[in-house]
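Okay, here's what each chain looks like letter by letter:
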Amino acid sequence: MQNQLEQLIQTHNIILFDGVCVLCSAWANFMIQHDPQYQFKLVSVQSKLGQQLLSTYQLPTDHFETMVLLEQGQLYTESTAFLRIIQRVGFPYSILKYGKVIPKVVRDFAYRRIALNRYWLFGQTEQCYVATADVQQHFLSDELLT
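Residues numbered from 1 in each chain as written. Predicted model: local features only at pLDDT ≥ 70, side-chain atom pairs only at ≥ 80, totals over all residues. Heavy atoms only, no water.

(A) Up close: the packing of aromatic side chains. According to the stated counting rule, one finds four aromatic pairs in the structure shown. Measuring from centroid to centroid gives 5.5 Å for Trp27 and Phe82, while their planes differ by 45°, and the two rings are tilted. A residue pair is termed long-range when its members are at least 10 positions apart, and Trp27 in helix 2 (residues 22–34) and Phe82 in helix 4 (residues 78–86) qualify at 55 residues. By relative accessible area, Trp27 is classed as buried at 16%. For Phe82, a relative accessible area of 26% corresponds to the partly exposed category. In textbook terms, an aromatic cluster arises when at least three aromatic residues are bridged by ring pairs, as seen for Trp27, Phe30, Phe82 and Tyr93. Note that Arg84 overlies the ring of Tyr76, its terminal NZ or CZ placed 4.2 Å from the centroid. One cation-aromatic arrangement involves Arg113 over Phe109; the distance from NZ or CZ to the ring centre is 4.6 Å. (Phe/Tyr/Trp six-rings, centres within 6.5 Å; stacked < 30°, edge-to-face > 60°. Helix = DSSP H or I, 4+ residues; strand = E, 2+ residues; numbered from the N terminus. Buried < 20%, exposed > 50% of the residue type's maximum accessible area, 1.4 Å probe, protein only. Lys NZ or Arg CZ within 6 Å of the ring centre and 35° of its normal.)

(B) Inspection of the packing of helix 2 against helix 4 at higher detail. Following both chains from N to C, one finds helix 2 and helix 4 inclined at 20°, their axes separated by 12 Å at the closest point. Here helix 2 lies roughly parallel to helix 4, going by the angle between them. Both helix 2 and helix 4 take part in a crossing whose hand is left-handed. Contact with helix 2, carried on its side by Trp27, Phe30 and Met31, involves Phe82, Ile85 and Ile86 of helix 4 and no other residues of that element. Residue composition of the contact of helix 2 with helix 4, by class: six nonpolar, no polar and no charged. (Axes fitted to C-alpha atoms, helices over the stretch in contact; angles between N-to-C directions. Parallel < 35°, antiparallel > 145°, perpendicular 65-115°, else oblique. Left-handed = near helix turned anticlockwise from the far one by under 90°. Contact = heavy atoms within 4.5 Å. Nonpolar A, V, L, I, M, F, W, Y, C, P; charged D, E, K, R; others polar.)

(C) Structural context of helix 2. Compared with an ideal rise of 1.5 Å per residue, which puts 13 residues at 18 Å, helix 2 spans 18 Å between its outermost C-alpha atoms and is within 8% of the ideal. Structurally, helix 2 contributes buried residues whose contacts are with strand 1 (13–17), strand 2 (40–44), helix 4 and helix 6 (118–122). (Expected span 1.5 Å × (residues − 1).)

Structure follows, in structure tokens:
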């Protein structure tokens, strides 16, 4: 199973997101809408695959404070993950990539304020994000680990 996981990591650019967070689920929907070339694969942190990916990178598996991007096996979090993703999304959103001129400490501070208060600000659902058949190709599923 470790070989399968390693192959997924090397083959796909993976975005791990909190599947019960309303803001994070909206982000997943945004990516589905604005990534028609399937540059990224989405994985909920609550899924079996998400939990294994978090463990592989020694990230918490029970408390989620950041979106995670795994790009060619490299781990990116917080504002850096967001900026790396958004630069590959089409115009006008890709303009946000210029946010990298803001010092990382400032960007990450702002990111953390939103991340730590996201349930209070945007809400949370009782059920984890469920990918419907028409968007399934944007996701990596747990079945890939069997």
